[in-house]
Amino acid sequence: MKRLLIIVGGLILLLLVLAVLGLQALKSGAGKGKIEAALSSALGQPVVIGSMSVQLIPTPALDASGIRIGGADSTAAPGIALARLHVAPVLSSFLIPGRTPSIDHIELVGLVVSVRRDKAGHWLAPVPPAGGASKSGGPGVELHALRIRDGAIRVVDDSLRAAGGGPTVTTISNVAADLQAEGGTLKVPSFTGRLGGTVVSGSTEAGPKGITIHLSSESIEGADLPRLFALAGMRPFPGLAIEGKAPFEMTTSVAPDFSTFVVTGKAAIERVKMNTITLQSLQAPFKLAKGIFTLDPLTFTMYRGRQQGAVSIDLNQPEPVYTIRTTVDGLDVDQALSANTTMKNLLTGTGKLTGNVRGSGSTAPAIEKSLAGTLRFELVNGVVRNFPLLAAINKAIGITEGTTSDTKFQSFSGTAKIGGGKAQTDDLALRAGELSLVGAGTLGFDQSLTFKTLAIFSTAKSAELAGRVGLVKRLENARGEIQIPVTITGTATAPKTTVDVQSVAKKQVQDQLQKGLIKLFQKN
C-alpha cells in the first residue's frame, strides 16, 4: 500500500510538472502569440496581451491582463475593451508532438462591446471583416469557445443628447454569455445582464448583415424606462411613469446599410401614469420605423372604462406629432374629471368616448394647445350639478316646478370639433325626463362656456303646462311641444343659464298680431 501511494503521488507530481511546463511554454512568447492570433482572428481586431501568469488551482490555466484590442482606448465607441483573460488550454495538445494546439475556452472577463449611432443616424459597430475567423480561431491554434463574464454592451447615441449636452450612453451590464465569431459576424445566442436595476435576457448579432439586439424582461423597473427608450433611439416622454409588473420584449434590427433600423416589441404594464392620467392593464405591440412610433392595437382600462385604439407618434418633426384614435366604453365620467381637472363632482354618469385627434409638443400644455380633431361623447344616467335648468325656466316664464340646482339626465351626447384650444359642437343633446335640451356652442379648454340651446318639453308635458299657465301654449311648435331658448355662459364650474325672455315675448306679440290680422281679413 505504501509503495502504491508513492507511485500515485509520483504520477500526480509528474502531471503537475507537465502542467507547469505546458503552461510555461504557453505563456512564453510563441504561446502568447498564438493566443493573441486566435483572439485577433475571432474579434476581427488586433489583440495585444500585456502579461500572463500561471494558475494551477482549481484547474491549470493562464490569466492575462494589460490587454489592448484595436487602436482605441477602453471608452471608444465603436470599440471592444477587455479587462483580463482566463485561458483554459488543452495541455496535452501543447505537450504531445504533432497535435494541433487547442484551447478549451477563453473567458473574456470584463468585455465591453460598444456601438455608436452618429448624428446622421448611421450605426457604427466593431465587427470583424467579412470572411474573418471561424471556429479554428486563427493559424496554429484551435479555439473551442469564447465565454463572456462580467461583460457589458454600450450604446452611444450622438443623435440623443443627455442633460449635460453629451451623447446618451446606455449600458447593459453584468453580461454573461458565450460569444461566437463566424464569417465576419459576432454572435451572442443568449445572454443575461442588467439594464440599470432591471434583469434582462436576450441575444445579439453584429456583422456585414447588420446588427440585431433582442431584449426581454419579466418586468422593467420604472426608473429604467428612459434607458429602454434610449436603446430604441427615442427620448423618454415627459410625465410618463410606470408602476407594478411590466414585462416587455424588444428587438432592434439595423439593416446592412447600418442607417435604416426598425424596433419592434410588445409590452404589458400594470399601471401607467401620463401626468395626471392613470391607466391600468396597458397592453400593446409597438414599432418604430422611419422615425414613426406606433402602438397598435393599444388597450387599457381607465376610470372603469375599457379603451381600444391606436397611437402614432411622428418623431421626425422638431416636436413630436401625436395621432390618437380611441374608443373608451364604460367610463366613470366623475372619476375622470375629478382626477384630471378642477371639475370635481360636477358631472356624473357612465360614458362612451370616441375620438380621432392630432397634436404636437413636448409638454402637456403644448399638446393641449395644438390639439385638433373630433370627439364623440355619449353619457347615460347622470347628473349635471350646479346647472339649474328647470329653475331658470320657471323663473323666466312662471312654471311652478323645477327649483333644484342640479339637472338629472338619462342621456347626454354630442360631437365636438376640437381646435384652437376649444371644442365646438352643433349637435348637443340632453334628455332629462320630459325635458330635452338641444343646441350648439363652444367649450374652451379654459372651461369657458358659450352655448345657444333650445329647451323642449314633451307633448304630454307641454299640454299639462299649458293647462296651468295659458301663455306658454303660444310657445308650442307644430308638434305641440313647448320650446324655450336658453343661453348658457360662464364656466364649467360656474355656468350661467339665461332664458331668452325677449324671444319668448316677441313670439307672443307676433302670434297675437298674426291672429288679429287674420280676424281682420276674415271680417273684411
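About the criteria used
Residues numbered from 1 in each chain as written. Predicted model: local features only at pLDDT ≥ 70, side-chain atom pairs only at ≥ 80, totals over all residues. Heavy atoms only, no water. Pairing = 2+ DSSP bridges. Helix = DSSP H or I, 4+ residues; strand = E, 2+ residues; numbered from the N terminus. Phe/Tyr/Trp six-rings, centres within 6.5 Å; stacked < 30°, edge-to-face > 60°. Buried < 20%, exposed > 50% of the residue type's maximum accessible area, 1.4 Å probe, protein only. pLDDT = per-residue confidence, 0-100. Contact = heavy atoms within 4.5 Å. Salt bridge = Lys/Arg side-chain N within 4 Å of Asp/Glu carboxyl O.

Right, let's talk about the pairing of strand S26 (residues 422-432) for a bit. Strand direction decides the pairing type here: strand S25 (residues 407-419) and S26, joined by 7 bridges, are antiparallel. In the sheet register, glycine 419 faces S26, and the bridge partner there is lysine 422. Between S25 and S26, which pair antiparallel in sequence order, lie 2 residues; one of them, glycine 420, sits at a positive phi of approximately 65°. Of the strand pairs in this sheet, S26 and strand S27 (residues 435-444) are connected by 9 bridges, and their pairing is antiparallel. In the strand pairing of S27, glutamine 424 is matched with threonine 442. Remark: 2 residues form the turn of the hairpin made by S26 and S27, two consecutive strands paired antiparallel; glycine 433 in that turn has positive phi of roughly 65°.

Next up on the list: the packing of aromatic side chains. Per the stated rule, a full pass over the model turns up 7 aromatic pairs. When the ring of tryptophan 123 is compared with that of phenylalanine 261, the centres are 5.8 Å apart and the planes differ by 75°; the resulting orientation is edge-to-face. One end of the pair, tryptophan 123, is in strand S9 (residues 123-124); the other, phenylalanine 261, is in strand S18 (residues 261-274), and 138 residues separate them in sequence. A relative accessible area of 6% places tryptophan 123 in the buried class. Phenylalanine 261 gets classed as buried once you look at its relative accessible area, which sits at 12%.

Moving on to unusual backbone geometry. Peptide bonds are, in most cases, trans, and in most cases residues other than glycine have a negative phi. The omega torsion across aspartate 296 and proline 297 is -5°, close enough to zero to call that bond cis. By the element assignment, proline 297 lies in strand S20 (residues 292-302). Phi at tyrosine 303 is positive, roughly 50°, even though this residue is not glycine. Relative to the elements of secondary structure, tyrosine 303 occurs in the loop between S20 and strand S21 (305-314). Its relative accessible area of 10% is what places tyrosine 303 among the buried residues. In this model, arginine 304 sits at a positive phi of 75°, which is unusual for a non-glycine residue.

Averaged over the chain, the pLDDT score is 82; the fraction of residues at 70 or greater is 80%. Within the model, pLDDT remains below 50 along residues 8-18, and this stretch shows 1 contact once partners closer than five positions in the same chain are excluded. Note that pLDDT drops below 50 for residues 131-138; the model gives that stretch 23 contacts with residues more than four away or on any other chain.

With that settled, consider the pattern of salt bridges. For the structure shown, the criterion picks out 14 salt bridges. In this structure, lysine 273 engages glutamate 243 in a salt bridge whose closest nitrogen and oxygen atoms are separated by 3.7 Å. Of the two residues, lysine 273 is situated in strand S18 and glutamate 243 in strand S16 (residues 240-243); the sequence distance between them amounts to 30 residues. Taking relative accessible area as the criterion, lysine 273 reaches 35% and is therefore assigned partly exposed. Overall, the relative accessible area of 34% leaves glutamate 243 in the partly exposed class. A salt bridge links arginine 376 to glutamate 378; the shortest N-O distance between them is 3.6 Å. The partly exposed category is assigned to arginine 376, whose relative accessible area is 27%.

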